[in-house]
Each structure stands twice: as structure tokens, then as C-alpha cells.
Amino acid sequence: MSADAGWVELLSDGLTFDLAGLAPGPVIAAPTLANWYGVKPVPDGAAAITLAVGPHLAGAEHLLPVVRVAATLVASLSALPGVLSVSWLPADCATRPDWFATAVQAWVKGGPFPALALSALERGEQGTLASRGLDFLIGHDFRLTGCGDLAPDDAARIAIRLTDWLVAHGAPATPRDVELEGAGSVWISCEPGGMIEARRR
């Protein structure tokens, strides 16, 4: 593109992405987000660069192979000088750049899904935890109950393990118990088009 357009096309693993917000093009304001993990909200006036799928991938941006490539590109870009945080808009969340890169690189190599980088957890009453942004990947978010007697970190650990399981297996077709590695058993059910209901056993 011409220099004043402020964006370039990136090609990775045969997929194209548009990187926008580059100088000397128009400035993109940093988004206002609800969930911040390990990083303070960016100051007023901070600018953003954005990565989006190219036109030929329209409608496929939620597919895991595409998400893996996009997240890997973002992990590489996070090492650029002056990067304050990495945002994942479907989950309305932001993380520390080095943490995002480490979590994504581990996932790409076969490790657990980076639950607090590509999704978010929001606390409700009586220890309830709800995912945010998981619907972008599997079509549903979940609500986890039965953790009111646990410390917040222990409850979050169960929710993170459940996120990893759901990304790998998808929403259950029928109610069932799921054994989560290192986190015990969770009963889950899902109505078509609705929230996945999960309860700690």
C-alpha cells in the first residue's frame, strides 16, 4: 500500500491479514476494555495497531486454525518497542505483551489454550464465573457455579481448565460429567443457542 494508507497486508501460512494503524496513516484510538490481566489500562491518548483477517477469510475468523495463525502473528508483534498491552476484542480483554506471547506460543506447541489471553473470566455473585469471548470460538460461553466455597484462584483454575476442555471438544450435545485434569469433575449441559451451564461436583 502507499505510505499514507497506514496499513499493510501480512501473509502467514497461506492466510492474509490486514495490519492497520501504522504511521503516517490515521491514528486508531486504543479500545476501552472491561478485563485487564497483569497490566494496567492504557493511558488516554494511546494508539492501537489492529490485526484483522483479510477479505478472503471473511466469515472464517472464528475458526481455530485461523485464530492460531492470527494469535501467533500478534505474539510476534507484541515484541515491538512501545507496546503497552495486547487486546483480544472478542473477549473484551487485554494482557501483558510478554505474557500473551508466552501463552500463545505454548498453545501452538500443543499446550493448554491461553484462556486469559483469547477469552476472559468474569465473576458474579456467590462465586459464579462466566466466560467471555469463548462464543467467538465455539458458539457458546459458559457459566460455572458451585465454587463459592473455594478461594478465587482455585475457582479460576477450574474455569481455565474447563475453557481448555471446551475449546478442544466443543459444547456438549447432551448433559454430561467432564473430568478436568487437576481440577476435578464438572457437570455441563447446553441448550441450543444458549449458555453452557457448568457446575462443580
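Conventions and cut-offs
- Numbering of residues begins from 1 in every chain and follows the order in which that chain's sequence is written.
- Confidence filtering applies because this is a predicted model: local features only for residues at pLDDT of at least 70, side-chain atom pairs given and counted only at 80 or more, and all residues used for totals across whole chains, interfaces and linings.
- To obtain the side-chain values, all non-hydrogen atoms of the structure were included, while hydrogens and water were left out.
- Criterion used throughout: strands pair if DSSP finds at least two bridges between them.
- Comment: elements are numbered from the N terminus, with helices defined as DSSP H or I runs of at least four residues and strands as E runs of at least two.
- Helix axes are fitted to C-alpha atoms over the stretch in contact, other axes to C-alpha atoms as well, and angles between N-to-C directions run from 0 to 180 degrees.
- Only residues whose relative accessible area exceeds 30% and that take part in no salt bridge are eligible for patches, with like-charged residues grouped when within 9 Å of each other and nonpolar side chains (Val, Leu, Ile, Met, Phe, Trp, Tyr) grouped when within 5 Å.
- We get accessible surface area from the Shrake-Rupley algorithm with a probe of 1.4 Å; when it comes to residues, only the shown protein chains can shield them.
- Any Lys or Arg side-chain nitrogen located within 4 Å of an Asp or Glu carboxyl oxygen qualifies as a salt bridge.
- For the exposure calls, accessible area comes from a 1.4 Å probe over protein chains only, and a residue counts as buried if that area is under 20% of its type's maximum, exposed if over 50%, partly exposed in between.
- Two residues qualify as a contact provided that any one of their heavy atoms is within 4.5 Å of a heavy atom in the partner residue.
- For this analysis, a nonpolar core means a set of buried residues of the types Ala, Val, Leu, Ile, Met, Phe, Trp, Tyr and Cys, connected via side-chain atoms within 4.5 Å.
- A cavity, in this analysis, means grid points on a 1 Å lattice covering only the protein atoms where a 1.4 Å probe fits yet has no way out; a pocket is instead an open set bounded by protein on both sides within 12 Å along at least five of seven lines, and a residue lines either one if it has an atom within 4 Å of a point.
- Grid points are joined across faces, edges and corners, and a volume is the space filled by probe spheres set on the points.
- Residues are grouped as follows: Ala, Val, Leu, Ile, Met, Phe, Trp, Tyr, Cys and Pro are nonpolar; Asp, Glu, Lys and Arg are charged; all remaining types, including Gly, are polar.

> Help me understand the sheet that holds strand β7 (residues 86–88), please; the structure alone is not making it clear to me.
What links the strands of a sheet is backbone hydrogen bonding, and the strands pair in either a parallel or an antiparallel sense. Taking strand neighbours across the sheet as the criterion, the three strands line up as β4-β8-β7 in an open arrangement whose pairing is mixed. Strands at the two margins of the open sheet, each flanked by one partner only, are β4 (35–37) and β7. Each neighbouring strand pair of the sheet contributes to a mean axis angle of 20 degrees, computed without reference to strand direction. Pairing analysis gives three bridges linking β7 to strand β8 (residues 93–95), with the strands arranged antiparallel. The partner of tryptophan 88 across the bridge, within β8, is cysteine 93.

> Mind showing me how you'd approach a nonpolar patch on the surface here?
A surface patch of nonpolar side chains, about 220 Å² in accessible area, is lined by Ile49, Leu80 and Val83. Along the chain, the position of leucine 80 falls in the loop between α1 (64–77) and β7. Looking at leucine 80, the relative accessible area reads 42%, which means it is partly exposed.

> What's the story with the environment of glycine 6 in this structure? I'm lost.
Tracing the backbone shows glycine 6 in the segment before β1 (7–12). For glycine 6, a relative accessible area of 6% puts it in the buried group. The spacing of glycine 6 and valine 27 is 21 residues in sequence and 8.5 Å in space, taken between C-alpha atoms. Apart from residues no more than four positions distant in its own chain, glycine 6 is found in contact with Leu19, Ala20, Gly21, Leu22 and Gly25.

> Would you explain the pattern of salt bridges in this entry?
Following the criterion strictly, the structure yields seven salt bridges and no others. In this structure, arginine 132 engages aspartate 92 in a salt bridge whose closest nitrogen and oxygen atoms are separated by 3.2 Å. Here aspartate 92 lies in the loop between β7 and β8 and arginine 132 lies in strand β10 (residues 129–132), a separation of 40 residues in the sequence. For the salt bridge of arginine 143 with glutamate 197, the shortest nitrogen-to-oxygen distance reads 2.2 Å. One end of the pair, arginine 143, is in strand β11 (residues 142–145); the other, glutamate 197, is in strand β14 (residues 196–200), with 54 residues separating them in the sequence. Arginine 143 gets classed as partly exposed once you look at its relative accessible area, which sits at 32%. Through salt bridges with shared partners, one network takes in Asp92, Glu122 and Arg132.

> Help me understand the pairing of β1, please; the structure alone is not making it clear to me.
Working note: regular strand, side chains alternate between the two faces of the sheet. As defined by bridge partners, β1 adjoins strand β2 (residues 15–20) across six bridges and the pair is classed as antiparallel. Note that in β2 the partner of leucine 10 across the bridge is phenylalanine 17. Taking the residues between adjacent antiparallel strands as the criterion, β1 and β2 are bridged by two residues, where aspartate 13 takes a positive phi near 50 degrees.

> Is there a simple way to think about the nonpolar core in this case?
Nonpolar side chains in soluble globular proteins generally cluster together in the buried interior. Ranked by internal contacts, the top residues of the largest apolar core, which has 42 residues, are Phe100, Leu118, Phe142, Leu144, Leu166, Leu180 and Ile188. Of all the elements, helix α5 (residues 152–169) adds the most residues to this core, at seven residues. Those residues in contact with leucine 180 that lie beyond four places of it in its chain are Ile158, Arg161, Leu162, Trp165 and Val186. With seven residues, the next largest nonpolar core counts Leu15, Leu57, Val66 and Ala70 among its residues.

> Any chance you could explain unusual backbone geometry here in plain terms?
Phi is mostly negative for residues that are not glycine, and the peptide bonds are mostly trans. The peptide bond linking alanine 23 to proline 24 adopts the cis configuration, its omega dihedral lying at 5 degrees. Take proline 24: it is sitting in the loop between β2 and β3 (28–29). With a phi angle near 50 degrees, aspartate 13 is a residue other than glycine that sits in the positive phi range. Residue position: aspartate 13 is located in the loop between β1 and β2.

> Is there a simple way to explain the layout of surface pockets in this structure?
Over the atoms rolls a probe the size of a water molecule, and its path tells where empty space is left. As a volume, the largest pocket reaches approximately 1,000 Å³. For the largest pocket, the lining is made up of 40 residues, of which Ala48, Ile49, Thr50, Leu51 and Ser87 are closest to its centre. Those elements that provide at least two residues to the lining of the largest pocket are β2, β3, β5 (47–48), β6 (50–53), α1 and β7. Residue composition of the lining of the largest pocket, grouped by class: 32 nonpolar, seven polar and one charged. The computed volume of the second largest pocket comes to approximately 310 Å³. Lining the second largest pocket are 15 residues, with Pro112, Phe113, Ile160, Arg161 and Asp164 sitting closest to its centre. Those elements giving two or more residues to the lining of the second largest pocket turn out to be α2 (97–108), α3 (115–118), α5 and β12 (176–180). For the lining of the second largest pocket, the leading source of residues is α5, giving four residues. In the lining of the second largest pocket, the residues fall into eleven nonpolar, no polar and four charged.

Nothing here speaks to function; it is all geometry.
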